[in-house]
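A structural walkthrough
This is what each chain is made of:
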Amino acid sequence: MVIGWSMWFAEYLFLERSWAKDEKTLKSGLQRLKDFPRSFWLALFVEGTRFTPAKLLAAQEYAVSQGLTAPRNVLIPRTKGFVSAVSIMRDFVPAIYDTTVIIPEDSPKPTMLRILQGQSSVVHVRIKRHSMSDMPNSDEDVSKWCKDIFVAKDALLDKHIATGTFDEEIIPIGRPVKSLMVVLSWSCLLLYGAHRFLQWTQLLSTWKGVILFASGLAMVTAVMHVFIMFSQAERSSSAKAARDRVKKD
């Protein structure tokens, strides 16, 4: 609920994964960015869903049936939203950044539970800039450009899996000071609020209050674990279900 409200206030575009329903929402949302008062980044996950073995199998079967190159490390991109974004924003967005992310084999995967426990993971990110002025003009060519990028991305991931690197200069980005200050500011504010609340309620002044407080923390922790397990679960019941969704695109 909190995440949903934060996304709403941040003006996320909420979609239903149905182009008939989402086309108007997406296009109107992108048009509003033309007069946005500040510089912005727009993140598009062109695959449209999380990567799982079942969905990869469905994408491979679909590729074979359509005479396309079968992917090994990525899903087949759903290009309608990307094509619309390029068509609408090519006049006021200067570039597209093609981002490829992979977790090295010897590094644990970053999960929500690990983040909450303060455990870090190594992530390799490759970013390539494409000027918007170099993009094809027609929607069909933009769609083909996106699919070709994913074929190249698949080969790039094959190379990383074999060698452990993108074979390019690695630039450690460190920890941005601005992000650290934001986290510290909010942490101090929340801790002060919690301290004042506990003082006002005198919740920890009796054993009954301590037990009630501990029980509340335990319940919140349990609920968080349930949500974390749900987020990690495979939501597709079968490869066929995933393949059907790919065909609808």
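Up top is the structure these notes are about.
Computed from a predicted structure; not experimentally measured.

The rules we used
Residues numbered from 1 in each chain as written. Predicted model: local features only at pLDDT ≥ 70, side-chain atom pairs only at ≥ 80, totals over all residues. Heavy atoms only, no water. Helix = DSSP H or I, 4+ residues; strand = E, 2+ residues; numbered from the N terminus. Buried < 20%, exposed > 50% of the residue type's maximum accessible area, 1.4 Å probe, protein only. Contact = heavy atoms within 4.5 Å. Areas by Shrake-Rupley, 256 points an atom, 1.4 Å probe, with all protein chains shown as cover. Salt bridge = Lys/Arg side-chain N within 4 Å of Asp/Glu carboxyl O. Expected span 1.5 Å × (residues − 1).

A tally of regular secondary structure across the protein gives nine helices and two strands. Going from N to C terminus, the protein has its helices and strands arranged as α-α-α-α-β-α-β-α-α-α-α. By residue count, 25% of the 249 residues in the protein fall in the buried class. A separation threshold of at least 6 residues defines the contact pool for the protein, and within that pool the share at least 24 residues apart is 66%. With an accessible surface of roughly 18,500 Å², the protein has 62% of that area assigned to carbon and sulfur atoms.

Further remarks concern the pattern of salt bridges. Scanning the model with the defined rule gives six salt bridges in all. Across the pair Arg72 and Asp158 runs a salt bridge, and its minimum N-O distance is 2.5 Å. With Arg72 in the loop between helix H3 (53-66) and helix H4 (80-89) and Asp158 in helix H6 (residues 139-163), the pair connects residues that are 86 residues apart, well separated along the chain. On the accessibility criterion, Asp158 (28% relative accessible area) is partly exposed. Salt bridges here are not isolated pairs; linked through shared partners, they connect Arg72, Asp154 and Asp158.

As for its placement among the helices and strands, Gln60 is situated in helix H3. For the pair Gln60 and Pro71, spaced eleven residues apart in the sequence, the C-alpha separation amounts to 6.0 Å. Apart from the residues within four sequence positions on either side, Gln60 is in contact with Ala70, Pro71 and Arg72.

Moving on, we get to H6. Its 25 residues give H6 an end-to-end C-alpha distance of 36 Å, which sits within 8% of 36 Å, the value for a rise of 1.5 Å per residue. When we look at burial in H6, the residues that qualify are Val142, Ser143, Trp145, Cys146, Ile149, Phe150, Lys153, Asp154, Leu156, Leu157 and His160. For H6, the secondary structure elements touched by its buried residues are H4, strand E1 (95-102) and strand E2 (124-131). Gly164, located one to two residues past H6, shows a positive phi value of around 80 degrees.

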